[in-house]
Amino acid sequence: MSLIATNLTWAEVDLNAIKNNIRTLQELTGVDVMAVVKANGYGHGMLPVAKAALEAGAAYCAVARIPEGIELREAGIQAPVHVMGPSLSHRFRDAIQHHLEITLFQMEQIEPLRQVAASVGRPARVHVKVETGMNRIGADPDDALVMLQTLAGIPEIEVAGLFTHYARADEEDTTTTDRQEETFLQFLQTVTENGLRPKVIHAGNSATAVTRPASRFDMVRAGVSMYGLHPSREVRLPRDFKPALTWKTQLRHVHHIKAGEGISYGHRYVTSGEERIGVIPVGYGDGWRRTDENEVLLHGKRAPVVGRVCMDQCMLQLDSFPGAAVGDEVVLLGRQGADHIAAEDVAARWNTINYEVTCGISARIPREYLR
Ligand SMILES: *Cc1c(COP(=O)(O)O)cnc(C)c1O
């Protein structure tokens, strides 16, 4: 049955676009790709996008937290999985049992991890994170060196990787990134001289992968780009990338409202003459923000949202859509006919970034996968 007959609102995720983007990243960078599928695959649905990325040749999956990694394993994914965020020692056993490669950046976590690995009877795999200027998580270079030296004497812990993260790679001005890269390169040199260089070195998120060949190392951690979304206004993806997600709904009511009537909570919009008003079943409970300047696509052109966005519904002004009828497809994000509303456009209206727009699409929106 067609999606429009069975869902009030849904997101279509084009898995071929995901595969295309992974292949494009491989060609562009010439190194392995770690597919970043945290936060439900940036709202696209973690499991299908992870599988598509691996089918396209991604070498690794990356998540932020151990439970996300467990979900990948329970779905049968066998590729290496890196947990990029901090982990609780209570979860070490889970991580080792599910072959998850956690991030290590605190000396104090080494001994508890060693003990759990010894009791599980299988080495823990870790990526050591070094701080170069993001100032989030990471050990300062001196401490990171001591960690690597310590770990070299601990057979229960295997160092699979070494990485850092840049704070301003998505900006035109590269001063900060140049400095971070330099710090990381110096650290790598010391590590290599000490015979401690692990198998996989990685530093680049999407913006870095696209703009800085010297920071690609052995692998790039590609999140936003694998979904076909631009890293920022200043760092754009080449044309070969394709956005994967389209968010759709349908007109569920069309009515005539006489002049001087208020629309929705607070009557913030008042009809100036007799107006055609439509209702779409999408609201802030779906991740469609309660701001004043929303618009959607109907019949391939823009229709303004009027009045307050409610939790589950909002209203459209349809005076320039004389043929609009109940059941017509409405696109909130993506292409319809000749027009296209990009996640970047929505982000600009909401005064945020495209990442937050797709991550914010609620769990109650069914994701339908185009293969
Ligand atoms: C989320 C994340 C990424 C992915 O960043 P994108 O800009 O989406 O490519 C890479 N590395 C780390 C450490 C992250 O947390």
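Going by the structure above, here's the rest.
Every value quoted in this text rests on a predicted model; they were computed, and no experiment measured them.

> How would you sum up the site of the ligand? Please name residues and give values.
Every one of the 13 residues lining the ligand counts as a neighbour, but Lys38, Tyr42, Ser206, Val224 and Tyr355 are closest to it. The separation between an oxygen atom of the ligand and a polar main-chain atom of Gly223 is 2.9 Å. The protein chains hide 92% of the 390 Å² of surface that the ligand would expose on its own. More than half of the atoms belonging to the ligand lie within 2 Å of the grid points that define the largest pocket.

> Summarise the layout of surface pockets; cite the residues concerned and give the values.
Counted as a void, the largest pocket has a volume near 860 Å³. Surrounding the largest pocket, 37 residues form its lining, Tyr42, Asp170, Asn205, Ile353 and Tyr355 being those nearest its centre. Of all the secondary structure elements, the ones that give two or more residues to the lining of the largest pocket are α3 (38-42), α10 (206-211), α11 (343-350) and α12 (354-359). Grouping the amino acids of the lining of the largest pocket by side-chain chemistry returns 20 nonpolar, nine polar and eight charged. What lines the second largest pocket is a set of 28 residues, and nearest its centre among them are Lys242, Pro243, Ala244, Leu245 and His340. Listing elements by their share of the lining of the second largest pocket, those giving two or more residues are β1 (9-14), β10 (245-250), β18 (329-336), β19 (339-341) and α11. Residue composition of the lining of the second largest pocket, grouped by class: 14 nonpolar, six polar and eight charged.

> Lay out the side chain of Glu344 with the relevant residues and their values.
Counting through the fold element by element, Glu344 comes out in helix α11. No salt bridge is formed by the buried Glu344, whose closest oppositely charged neighbour, Arg236, lies at an N-O distance of 5.6 Å. A distance of 3.0 Å separates a polar side-chain atom of Glu344 from the backbone nitrogen of His230. Glu344 has contacts with Leu229, His230 and Asn354, leaving out every residue within four places of it along the chain.

> Tell me about the pattern of salt bridges, and please be specific about residues and values.
Following the criterion strictly, the structure yields 18 salt bridges and no others. A salt bridge links Glu12 to Lys248, with the nearest nitrogen and oxygen atoms 3.2 Å apart. Of this pair, Glu12 sits in strand β1 while Lys248 sits in strand β10; the two residues are 236 residues apart in sequence, bridging distant segments of the chain. Classification of Glu12 by relative accessible area gives buried; the value is 12%. Two residues, Glu356 and Arg289, come together in a salt bridge whose shortest N-O distance is 2.7 Å. Of this pair, Glu356 sits in helix α12 while Arg289 sits in the loop between β14 (275-280) and β15 (295-298); the two residues are 67 residues apart in sequence, bridging distant segments of the chain. Residue Glu356 is classed as partly exposed on the basis of its relative accessible area of 41%. Exposure remark for Arg289: the relative accessible area of 27% places this residue in the partly exposed category. A cluster of three or more residues bridged by salt bridges with shared partners is formed by Glu12, Lys248 and Glu329.

> Outline the side chain of Thr29, supporting the account with residue identities and numerical values.
Relative to the assigned elements, Thr29 resides in helix α2 (residues 15-29). Thr29 sits in the buried class, given a relative accessible area of 10%. At 2.7 Å, the side chain of Thr29 forms a polar contact with the backbone oxygen of Leu25. Discounting chain neighbours no more than four positions away, the residues touching Thr29 are Ala209, Arg216 and Val220.

> An account of the environment of Asn351 is requested, with residue identities and associated values reported.
Topologically, Asn351 is positioned in the loop between α11 and α12. Residue Asn351 is classed as exposed on the basis of its relative accessible area, which comes to 74%. The spacing of Asn351 and Thr291 is 60 residues in sequence and 10.0 Å in space, taken between C-alpha atoms.

> Kindly report on the environment of Gln109, identifying the contributing residues and their values.
Assignment of secondary structure puts Gln109 in the loop between β5 (100-104) and α7 (110-120). Taking the C-alpha atoms as reference points, Gln109 and Ser89, separated by 20 residues in sequence, lie 7.2 Å from one another. A distance of 2.9 Å separates the side chain of Gln109 from the backbone oxygen of Ser87, its partner in a polar contact.

> I'd like a rundown of the pairing of β18, residues and numbers included.
Most of β18 is tucked away, with six of its eight residues classed as buried. As paired strands, β10 and β18 are joined by four bridges and run antiparallel to one another. Residue Thr249 lies in a different strand from β18, and its bridge partner there is Val330. Between β18 and the antiparallel strand that follows it, β19, lie two residues; Gly337 among them carries a positive phi value of about 60 degrees.

> Report on the nonpolar core, specifying residues and quantitative values.
Val37, Leu72, Leu113, Met226, Trp247, Trp288 and Val296 are the most contacted members of the largest nonpolar core, which totals 111 residues. Per-domain counts for this core show at least three residues from each of domain 1 (31-227) and domain 2 (245-370). Aside from chain neighbours lying at most four places away, what touches Val296 is Ile280, Trp288, Lys301, Arg302, Ala303, Val305, Leu316, Val330, Val331, Leu332 and Ile341.

> Any chance you could break down the packing of α2 against helix α4 (residues 46-55) for me, citing the residues and the numbers?
Remark: α2 packs on α4, axes separated minimally by 8 Å, with the N-to-C direction vectors making an angle of 45 degrees. One element, α2, and the other, α4, form an angle in the oblique class. In this structure, α2 crosses over α4, and the sense of that crossing is right-handed. Residues Leu15, Ile18, Lys19 and Ile22 of α2 form the contact with α4, whose own contacting residues are Pro48, Val49, Ala52, Ala53 and Glu55. In terms of residue class, the contact of α2 with α4 is made up of seven nonpolar, no polar and two charged.

So, how was this worked out
- Residues numbered from 1 in each chain as written.
- Predicted model: local features only at pLDDT ≥ 70, side-chain atom pairs only at ≥ 80, totals over all residues.
- Heavy atoms only, no water.
- Near = heavy atom within 4 Å.
- Polar contact = N/O pair within 3.5 Å; in protein donor to acceptor, adjacent residues only side chain to side chain.
- Areas by Shrake-Rupley, 256 points an atom, 1.4 Å probe, with all protein chains shown as cover.
- 1 Å grid on protein atoms, 1.4 Å probe; cavity = no way out; pocket = protein on both sides within 12 Å on 5 of 7 lines; lining within 4 Å.
- Sits in = over half its atoms within 2 Å of the grid points.
- Points joined across faces, edges and corners; volume = space filled by probe spheres on them.
- Helix = DSSP H or I, 4+ residues; strand = E, 2+ residues; numbered from the N terminus.
- Nonpolar A, V, L, I, M, F, W, Y, C, P; charged D, E, K, R; others polar.
- Buried < 20%, exposed > 50% of the residue type's maximum accessible area, 1.4 Å probe, protein only.
- Lys, Arg positive; Asp, Glu negative; His and termini not counted.
- Salt bridge = Lys/Arg side-chain N within 4 Å of Asp/Glu carboxyl O.
- Contact = heavy atoms within 4.5 Å.
- Pairing = 2+ DSSP bridges.
- Core = buried A, V, L, I, M, F, W, Y, C linked by side-chain atoms within 4.5 Å.
- Domains from an automatic or database assignment.
- Axes fitted to C-alpha atoms, helices over the stretch in contact; angles between N-to-C directions.
- Parallel < 35°, antiparallel > 145°, perpendicular 65-115°, else oblique.
- Left-handed = near helix turned anticlockwise from the far one by under 90°.

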